[in-house]
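Structural overview for review
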Amino acid sequence: MKTNSRRRTASNFVRHARRIVPIACCLLALMLGVNTIDAAERSPAMETTAQRDARMQWWRDARFGMFVHWGLYSGLAGTWNGKAVATKGGMEWIQQRVGADTGTYAQRATPLFKPAPGFAREWAALARAAGCRYLVFTTKHHDGFALHDSKVSDYDAGSVLGRDLVREITDAARAEGLRVGFYHSVIDWHHDQYAYNRSTKLPHPLRGKPYPNGERDHAKYVDYLHAEVAELASYRPDVLWWDYSAVDFQGDEAWRATDLMRAVRVRLPRVIMNNRLYRIPEAGWSGMGTTAVVAKLDTKYGDFLTPEQHIPATGMPGLDWETCMTLNTTWGYSEHDHAWKSDETLIRNLIDIASKGGNYLLNIGPKGDGSVPPETLKSFQAIGAWMKTNGEAIYGTTASPFAKLDWGRATRKGRVIYLHVFDWPKDTRLVVPLNNRITRADLLGSRSNTRLTVMPGGGGVSIQLPTISPDPIASVIKLQLDGEPRVAAGPARTAAVEK
Ligand code: FHN
């Protein structure tokens, strides 16, 4: 008969063993798992520019992706003790906003997180219909709850729901021909060794308070983080979207970032990763802002920069970058946030970002059962309708050759320029500051394109347009040039429509 203390000892041993043994196995597998990939892929520092360009090409061509924030917080929907926590702001942070410890939070949230069968197929179909080429979803957000069936954690969908939600979402996305990205939070509000007081800037529901379970060994949390990421690497994602670091806690000190990124690249030589394990100028950060302060991003810090909720005024020339944005003001679902952006804003953001050479990662926050809010469906369907007619002016394009166009934006594909006209000229003549000869001009249409007449004049070329714009949000004119674009000096003189 086991005495209580021996039973406690035995159960503690089993509990710790359950966590430590798999971590040790994962790390051993990781160390031995070096496969026969060539040296350039194994060490990013040895990757040539041509190899990096080849690895980044699908991502650069994609231009548009769906972001999904979904986890235990989604079932709470911004409500705590029967009241709205707020009507604006990230409700994926609800645990931190209400200051709940992980036990209380899990107890309230878990019963409300009930993924319906087929939820992931709805997301993937919507992403495809909207014209997204990739889907990035939260495998674990700050609350620490993992959506896969983890062997190194019991705070995961496998243990709690008996499901591998990462597998369900990844398979559904791939079935729609989408590339798949894993958002993974390095911040963790659940793990009992995550030393939250090491940073005065990274959020934690208990930050500033003593550790409830005595001193913490953050290195144990980092081992767990690495082991969990090793598990996720086995799903072979195309993108790893780390989130996030602070100026006072980042990189190797916080996450053993160099080892973590190298371990992922060894397992996934083609993977694309963002720069959020770091928060230093060399990694493209200016403090807590997300404006680029680096001319070239060394792959040891990541492959792309991540301006959040804003579009850099002049893009980030020479850098890969992706603006992530919400549809309203929260990443995770909130039943109280009705500040939905208009279809015009969303589509013009997509165009503006592409015209500056960036990617647009537009977020959805599904409900606790995985269903998509009706406002989100409407927005993504509107974008999809626009992309169905005009997608060629977004996919595979590069930044506009023009510094500024009063009436809209431009994107480029070699000798082709796409003019995205927001303000239809009242005299139906559009002047474009180009010194080229235009070999052909077409107005893109939902059923067929319309050939346009182009003449020199007005400080560039002058295009005769129909009276009515085919699309009040943005109509696209495809110009085929006689060679590389030659931009005329001085502003083009187009009589834009009165506001
Ligand atoms: O704190 C998170 C936030 O909840 C959300 O996930 C965004 C998405 O980029 N990232 C962090 C804030 O920068």
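Residues numbered from 1 in each chain as written. Predicted model: local features only at pLDDT ≥ 70, side-chain atom pairs only at ≥ 80, totals over all residues. Heavy atoms only, no water.

As a further point, take the nonpolar core. Within soluble globular proteins, side chains that are nonpolar tend to cluster in buried spots. In this structure, Trp-242 and Trp-255 are the most contacted members of the largest nonpolar core, which totals 107 residues. When residues of this core are assigned to their parent elements, the largest contribution, eight residues, is made by helix 10 (residues 218-233). Each of domain 1 (4-393) and domain 2 (408-481) gives at least three residues to this core. Those residues in contact with Trp-242 that lie beyond four places of it in its chain are His-184, Val-186, Val-229, Leu-260, Met-261, Val-264, Met-273, Asn-274, Arg-276 and Leu-277. If you look at the next biggest cluster of nonpolar residues, it comprises 21 residues, including Trp-407, Val-421, Val-432 and Leu-434. (Core = buried A, V, L, I, M, F, W, Y, C linked by side-chain atoms within 4.5 Å. Buried < 20%, exposed > 50% of the residue type's maximum accessible area, 1.4 Å probe, protein only. Helix = DSSP H or I, 4+ residues; strand = E, 2+ residues; numbered from the N terminus. Domains from an automatic or database assignment. Contact = heavy atoms within 4.5 Å.)

This next bit is on the packing of helix 13 (residues 343-355) against helix 14 (residues 374-390). Interhelical geometry of helix 13 versus helix 14 gives an angle of 50° and a closest axis separation of 10 Å. Looking at the two axes, helix 13 sits oblique to helix 14. Crossing hand, helix 13 versus helix 14: right-handed. Taken together, the residues of helix 14 that come into contact with helix 13 (itself represented by Asp-343, Leu-346, Ile-347, Leu-350 and Ile-351) are Lys-378, Ser-379, Ala-382, Ile-383, Trp-386 and Met-387. Looking at the contact of helix 13 with helix 14, its residues break down into eight nonpolar, one polar and two charged. (Axes fitted to C-alpha atoms, helices over the stretch in contact; angles between N-to-C directions. Parallel < 35°, antiparallel > 145°, perpendicular 65-115°, else oblique. Left-handed = near helix turned anticlockwise from the far one by under 90°. Nonpolar A, V, L, I, M, F, W, Y, C, P; charged D, E, K, R; others polar.)

Moving on to the side chain of Thr-428. Along the polypeptide, Thr-428 turns up in the loop between strand 11 (416-421) and strand 12 (429-432). One polar contact links Thr-428 to Gln-464, side chain to side chain, over a distance of 2.8 Å. The residues contacting Thr-428, other than those within four sequence positions of it, are Ile-463, Gln-464, Leu-465, Pro-466 and Thr-467. (Polar contact = N/O pair within 3.5 Å; in protein donor to acceptor, adjacent residues only side chain to side chain.)

Across its 16 residues, helix 10 extends 22 Å between first and last C-alpha, which sits within 8% of the 22 Å expected from 1.5 Å per residue. For helix 10, the buried fraction is high: 13 of the 16 residues fall into the buried class. (Expected span 1.5 Å × (residues − 1).)

Relative orientation and spacing of two packed helices are given, respectively, by the angle between their axes and the distance between those axes. Packing of helix 10 against helix 12 (residues 257-267) brings their axes to within 10 Å, and their N-to-C directions diverge by 20°. Relative to helix 12, the element helix 10 is oriented roughly parallel. In terms of crossing hand, the pair formed by helix 10 and helix 12 is right-handed. Contact residues: Leu-225, His-226, Val-229, Ala-230 and Ala-233 in helix 10; Asp-259, Leu-260, Val-264 and Arg-267 in helix 12. A class-by-class count of the residues in the contact of helix 10 with helix 12 yields six nonpolar, one polar and two charged.

The subject of this paragraph is unusual backbone geometry. Residue Asp-243 is joined to Tyr-244 through a cis peptide bond whose omega torsion reads -25°. Structurally, Tyr-244 is set in the loop between strand 6 (239-243) and helix 11 (251-255). One non-glycine residue, Asn-81, lies in positive phi territory at about 50°. As for its position among the elements, Asn-81 is in the loop between strand 2 (79-80) and strand 3 (83-84). The backbone of Gln-309 shows a phi angle near 60°, a positive value even though the residue is not glycine. Among the structural elements, Gln-309 can be located in the loop between strand 7 (272-273) and strand 8 (322-325).

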